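Topology and contacts: notes
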Amino acid sequence: EVLLRMHSVGICGSDVHYWQHGRIGDFVVKDPMVLGHEASGTVVKVGSGVTHLKPGDRVAIEPGVPRETDEFCKTGRYNLSPTIFFCATPPDDGNLCRYYKHSASYCYKLPDNVTFEEGALIEPLSVGIHACKRAGVTLGSKVFVCGAGPIGLVNVIVAKMMGAATVVVTDLSASRLQKAKEVGADFIIQVKNESPQEVASKVESLLGCMPEITVECTGVQACIQAGIYATRSGGTLVLVGLGPEMVTVPIVNAAVREVDIRGIFRYCNTWPVAIALLASKRINVKPLVTHRFPLEKALEAFEATKRGEGVKVMLKCDPTDHNP
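Everything numeric in this text was worked out from a predicted model, so none of it was measured. (Residues numbered from 1 in each chain as written. Predicted model: local features only at pLDDT ≥ 70, side-chain atom pairs only at ≥ 80, totals over all residues. Heavy atoms only, no water.)

Sheet architecture is open: 6 strands sit in the order S12-S11-S10-S13-S14-S15, paired in parallel fashion. Two strands lie at the open edges of the sheet, namely strand S12 (187–190) and strand S15 (260–263), each paired on one side alone. The average undirected angle you get between the axes of adjacent strands in this sheet is 15 degrees. When strand S14 (residues 236–239) meets S15, the two strands line up parallel, connected through 4 bridges. (Pairing = 2+ DSSP bridges. Helix = DSSP H or I, 4+ residues; strand = E, 2+ residues; numbered from the N terminus. Axes fitted to C-alpha atoms, helices over the stretch in contact; angles between N-to-C directions.)

Here it is in structure tokens:
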């Protein structure tokens, strides 16, 4: 393990959800729990078995650490391991604090030209990398992204990076859609009260065809329905957003058109890829950070996130260094 002096921690929708509701699905908060899982910091101490890190190293933290090497770890899909430790998922504490210890293997050294905030943004960025890989985004893909929150936006960034020719994004919020344009979306659709079929036909008319890939980042029933209707026959719909346990969807429509529906659970093997992309400046995630608060003002930061202000709210945990 390594002991870290925490620097930047982003607030995720799941953090707010635990704070407000005390549970997400089967994960129930029964005891006090530290939030925070999008994080970076500086190594201050290393355990006796740690060789790849030393005090002073700046690192990004991968929050999910398997506790044992089971079949999922052996096949490289450690995110599916039932034994996984995950920051800020009950009963595991997160890293929104001054000092935090973590498995050294899941701390990744940041190059000098990658900021602490970019390091913290690798966590949401990883969701986009994992989703776009599961979707099979490739050169010339036409992609429909439902939702322009932080996860929708990272999917836009990653899809374009992976060679998508055109990306169309839907959302209710005009300001979030503007941000989607800023990070690379080709077309945006502000949804008002259209039916899922109407949304699907708007997507098709903007793209000039039905998209081969849809990445659903809201978890809202109507959006999942629109995603199925919009996806080209033989295409793929990836479900990223989590909503209610039971949703009604046009499954026969998907089945007879051979639309593959895939789920994702967090990510795996994405930190080295993300660090390489950030260090080479092939992608830019800096525009995602819209608000910064010192750790002492965490409550204000959470309230701003709950109100839906900006895109990504970043907490600064080191009282001596509030730089990005």
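Tracing the backbone shows Glu1 in the segment before strand S1 (2–10). Between the C-alpha atom of Glu1 and that of Tyr106, which follows or precedes it by 105 residues, the distance is 9.3 Å. Beyond its immediate chain neighbours, meaning those up to four positions away, Glu1 contacts Val46, Gly47, Val50, Lys101, His102, Ser103 and Ala104. A distance of 3.4 Å separates a polar atom in the side chain of Glu1 from a polar atom in the side chain of Lys101. (Contact = heavy atoms within 4.5 Å. Polar contact = N/O pair within 3.5 Å; in protein donor to acceptor, adjacent residues only side chain to side chain.)

Turning our attention to the nonpolar core. Grouped together as the largest cluster of nonpolar side chains are 84 residues, with contacts concentrated most on Leu4 and Val169. Examining the composition of this core, we find that 9 residues originate from one element, helix H3 (residues 116–135), more than from any other. Each of two domains, domain 1 (2–109 + 285–316) and domain 2 (129–263), supplies a minimum of three residues to this core. When sequence neighbours within four positions are dropped, the list of residues in contact with Leu4 reads Thr42, Val43, Val44, Val59, Ile61, Arg98, Tyr99, Tyr100 and Cys107. With 11 residues, the next largest nonpolar core counts Val168, Ala200, Val203 and Leu207 among its residues. (Core = buried A, V, L, I, M, F, W, Y, C linked by side-chain atoms within 4.5 Å. Buried < 20%, exposed > 50% of the residue type's maximum accessible area, 1.4 Å probe, protein only. Domains from an automatic or database assignment.)

Glancing now at the packing of helix H6 (residues 196–207) against helix H7 (residues 221–230). Orientation of H6 relative to H7, taken along the N-to-C sense of each, is 45 degrees, at an axis distance of 8 Å. With respect to H7, the element H6 is oriented oblique. In this structure, H6 meets H7 at a crossing whose hand is right-handed. Of the residues in H7, those in contact with Pro196, Gln197, Val199 and Ala200 of H6 are Ala222, Gln225, Ala226, Tyr229 and Ala230. (Parallel < 35°, antiparallel > 145°, perpendicular 65-115°, else oblique. Left-handed = near helix turned anticlockwise from the far one by under 90°.)

It is worth spelling out the pattern of salt bridges at this point. What the rule picks out here adds up to 14 salt bridges. Glu38 is paired through a salt bridge with Lys312; the nearest N and O atoms lie 3.0 Å apart. Taken together, the residues span a long stretch of sequence, with Glu38 in strand S4 (residues 38–46) and Lys312 in strand S17 (residues 312–316) at a distance of 274 residues. With its nearest N and O atoms 2.7 Å apart, the salt bridge here joins Arg292 to Glu117. Remark: Glu117 occurs in helix H3 and Arg292 occurs in strand S16 (residues 289–294); sequence separation between them is 175 residues. For Glu117, a relative accessible area of 5% gives the class buried. Within the structure, one salt-bridge network assembled from shared partners comprises Lys54, Asp57 and Lys109. (Salt bridge = Lys/Arg side-chain N within 4 Å of Asp/Glu carboxyl O.)

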